[in-house]
Amino acid sequence: GRWDLALELLQQMQAEGMRPSTACLTSAISACIHGGQPARAEQLFERMYAICKPDAAAYNCLVCMYCRLGKHQQAVNMLEVMLRGGQHVDLTTFNAAIDTCWATGVVPLQQYALQLYERAHQQGLFRGLIAEQACGEGFLLDIQLPCAAPHVVLISLLHTLHELRHHFASVGASPRVSKVLLRVALQG
């Protein structure tokens, strides 16, 4: 959170003719964000283009910042720039963006959150674990959901239940199966 020191060091580097690396600039952006200076973080990110190409870490910092500030559209716009540019969107960024978009209660943003969840899920993120065992006249399903933001956990549960519905439909549930018990917990 020592954003002032981070910016001072960047100025010293440039005054001495050194070109800051992407990692240095991203660290300064992060320091501004954690120091409660979002406007400075945005300015530094914009200046970054003149010095070097922002990397995924820099984009991830800004998306998470916009999410924390409730700037949903800016978060979505930045995320789209990342995705179109082939940048790696990390678990933290997906988690923040999905949770923020869902929490708005605005249907188009919630639909976008579901699309993001699907994209993340296809990349192997937010995978739950399911263990099935026979239990009397039915099945006991232990579902371990990924530990994530509250709305991401909810979407993971809905996604898992949807997958189970398709699984039971495809295998043709036995006529003897009259009960399916679910035990749901968070991983970790």
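Now for a quick tour of the structure.

1. What about the packing of helix H4 (residues 56-68) against helix H6 (residues 91-103)?
The relative placement of two packed helices comes down to the angle between their axes together with the axis-to-axis distance.
Argument step 1. The geometry of H4 relative to H6 is characterised by a closest axis approach of 9 Å and an angle of 25° between their N-to-C directions. Our classification of the angle between H4 and H6 gives roughly parallel. At the point where H4 passes H6, the crossing takes the left-handed sense. On H6, the residues touching Asn60, Val63, Cys64 and Cys67 of H4 are Thr92, Thr93, Ala96, Ala97 and Thr100.

2. Structural notes on the state of the cysteines
Argument step 1. Counting across every chain of the model gives zero disulfides.
Argument step 2. Note on Cys32: no disulfide assigned, nearest cysteine sulfur contributed by Cys61 at a separation of 10 Å.
Argument step 3. Taking the relative accessible area as the measure of exposure, Cys32 reaches 0% and is therefore buried.

3. Focus: helix H5 (residues 72-84)
Argument step 1. In this model H5 runs 18 Å from its N-terminal to its C-terminal C-alpha over 13 residues, within 8% of the 18 Å that 1.5 Å per residue would give.
Argument step 2. Structurally, H5 contributes buried residues whose contacts are with helix H3 (38-51), H4, H6 and helix H7 (107-122).
Argument step 3. Of the residues trailing H5, Gly86 is marked for its positive phi of about 75°.

4. Things to note about a nonpolar patch on the surface
Argument step 1. Together, Leu154, Leu158, Leu161, Val180, Leu182 and Val184 make up an exposed nonpolar region whose accessible area comes to about 460 Å².
Argument step 2. Within the residue set of the nonpolar patch, elements represented by two or more residues are helix H8 (150-171) and strand E3 (179-186).
Argument step 3. Accessibility expressed as a relative area gives 46% for Leu158, which makes it partly exposed.

5. Digging into the pattern of salt bridges
Argument step 1. By the definition in use, this model includes three salt bridges.
Argument step 2. Linking Asp4 and Arg2 is a salt bridge whose minimum nitrogen-to-oxygen distance equals 3.4 Å.
Argument step 3. Note on Asp4: relative accessible area 38%, which makes it partly exposed.
Argument step 4. A residue is classified by how much of its surface remains accessible, and Arg2, at 54% relative accessible area, is exposed.
Argument step 5. For Arg84, the salt bridge is made with Glu80, and the minimal N-O distance between the two is 3.9 Å. Pair noted here: Arg84 and Glu80 are both in helix H5, with a separation of four residues, about one helical turn.
Argument step 6. For Arg84, a relative accessible area of 63% translates into the label exposed.

The rules behind each value
- Residues numbered from 1 in each chain as written.
- Predicted model: local features only at pLDDT ≥ 70, side-chain atom pairs only at ≥ 80, totals over all residues.
- Heavy atoms only, no water.
- Axes fitted to C-alpha atoms, helices over the stretch in contact; angles between N-to-C directions.
- Helix = DSSP H or I, 4+ residues; strand = E, 2+ residues; numbered from the N terminus.
- Parallel < 35°, antiparallel > 145°, perpendicular 65-115°, else oblique.
- Left-handed = near helix turned anticlockwise from the far one by under 90°.
- Contact = heavy atoms within 4.5 Å.
- Disulfide = S-S within 2.5 Å.
- Buried < 20%, exposed > 50% of the residue type's maximum accessible area, 1.4 Å probe, protein only.
- Expected span 1.5 Å × (residues − 1).
- Patch = residues over 30% accessible without salt bridge, like charges linked within 9 Å, V, L, I, M, F, W, Y side chains within 5 Å.
- Areas by Shrake-Rupley, 256 points an atom, 1.4 Å probe, with all protein chains shown as cover.
- Salt bridge = Lys/Arg side-chain N within 4 Å of Asp/Glu carboxyl O.

Function cannot be read off these values alone, since they describe shape.
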